[in-house]
Amino acid sequence: MSTVPVDGKAVVRMQTMPAVPPFEVIYEEHFDLVFRNIRRLGVPEALVDDAVQEVFLVVYRRLGQFEGRSSLKTWIFSIVTRVASDHRRLLRRKSPHTKNPDMAVDADDVADERIEGPHERMERMEGVQLLHRLLDQLEDDKRIVLVFAELEGMTVPEIADTLGENVNT
């Protein structure tokens, strides 16, 4: 609620919460996005399913708290960012001297329904593995911005809102 002056009198105005789709719809519409970006943000392939499940548990639990100050996609991205960061931190604590092995499974082909031959599939898998190796070499904050901007096509204001940063940062 907020108080707004009208003709010299204070009038209380109710702020309405945004219409949020049911959880099932959110899950269906955002699963591919969450799955791709959990892997892109450094969660090892073996832990991707657990991390994705964790993201949607957080979404389910906090859906009633979504205030609509940002888009639903941006809000979910902020959850993805935190969950991926927590998983990377936990992995570093458990085994600080080991690198994540390259996995042959391609997290980027969830929504890819093209039919391709073995040669094209191998080239794409090698490209994705190279992308993940390069992303693994970046500092976490730079990696997040690169993934959001270049791979997901988010705008600067969306990225800033997701990360809770100033647009000029």
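Residues numbered from 1 in each chain as written. Predicted model: local features only at pLDDT ≥ 70, side-chain atom pairs only at ≥ 80, totals over all residues. Heavy atoms only, no water.

## Some thoughts on the pattern of salt bridges
It is possible for side chains of opposite charge to pair when their charged atoms get near one another.
Stage number 1. Evaluation of the coordinates by the stated rule reveals eight salt bridges.
Stage number 2. In this structure, Glu-152 and Arg-40 form a salt bridge, with 2.7 Å as the shortest nitrogen-oxygen distance. Of this pair, Glu-152 sits in the loop between α5 (140-151) and α6 (156-163) while Arg-40 is found in helix α1 (residues 23-40), placing the two residues 112 residues apart along the sequence. A single burial state applies to Glu-152 and to Arg-40, both of which are buried.
Stage number 3. A salt bridge links Asp-140 to Arg-88; its shortest N-O distance comes to 3.2 Å. With Asp-140 in helix α5 and Arg-88 in helix α3 (residues 72-94), the pair connects residues that are 52 residues apart, well separated along the chain. (Salt bridge = Lys/Arg side-chain N within 4 Å of Asp/Glu carboxyl O. Helix = DSSP H or I, 4+ residues; strand = E, 2+ residues; numbered from the N terminus. Buried < 20%, exposed > 50% of the residue type's maximum accessible area, 1.4 Å probe, protein only.)

## What to know about helix α2 (residues 48-62)
Stage number 1. The terminal C-alpha atoms of α2 lie 21 Å apart, and with 15 residues this matches the ideal 21 Å at 1.5 Å per residue to within 8%.
Stage number 2. Within α2, burial applies to Val-48, Ala-51, Val-52, Val-55, Phe-56, Val-58 and Val-59. Within α2, the buried residues cover an arc of 155 degrees as seen down the axis, which keeps them to one side. Projecting away from the buried face of α2 at angles above 90 degrees are the exposed residues Asp-49, Tyr-60 and Arg-61.
Stage number 3. In the core, the buried residues of α2 are packed alongside α1 and α3. (Expected span 1.5 Å × (residues − 1). Arc of directions from axis to C-beta. Contact = heavy atoms within 4.5 Å.)

## A word on the environment of Asp-86
Stage number 1. Looking at the secondary structure, you find Asp-86 in helix α3.
Stage number 2. Judged by its relative accessible area of 37%, Asp-86 falls in the partly exposed class.
Stage number 3. Sequence separation between Asp-86 and Ala-51 is 35 residues; the distance between their C-alpha atoms is 9.4 Å.

## Some remarks on helix α4 (residues 118-137)
Stage number 1. Helix length check: α4, at 20 residues, gives a terminal C-alpha distance of 29 Å against a target of 28 Å (1.5 Å per residue), a fit within 8%.
Stage number 2. Contacts from the buried residues of α4 go to α1 and α5.

## With respect to the nonpolar core
Stage number 1. By size, the foremost hydrophobic cluster in this structure holds 31 residues, and its most contacted members are Val-34, Ile-38, Val-55, Val-59, Trp-75, Ile-76 and Phe-148.
Stage number 2. Only α1, α2, α3 and α5 provide two or more residues apiece to this core.
Stage number 3. Examining the composition of this core, we find that eight residues originate from one element, α3, more than from any other. (Core = buried A, V, L, I, M, F, W, Y, C linked by side-chain atoms within 4.5 Å.)

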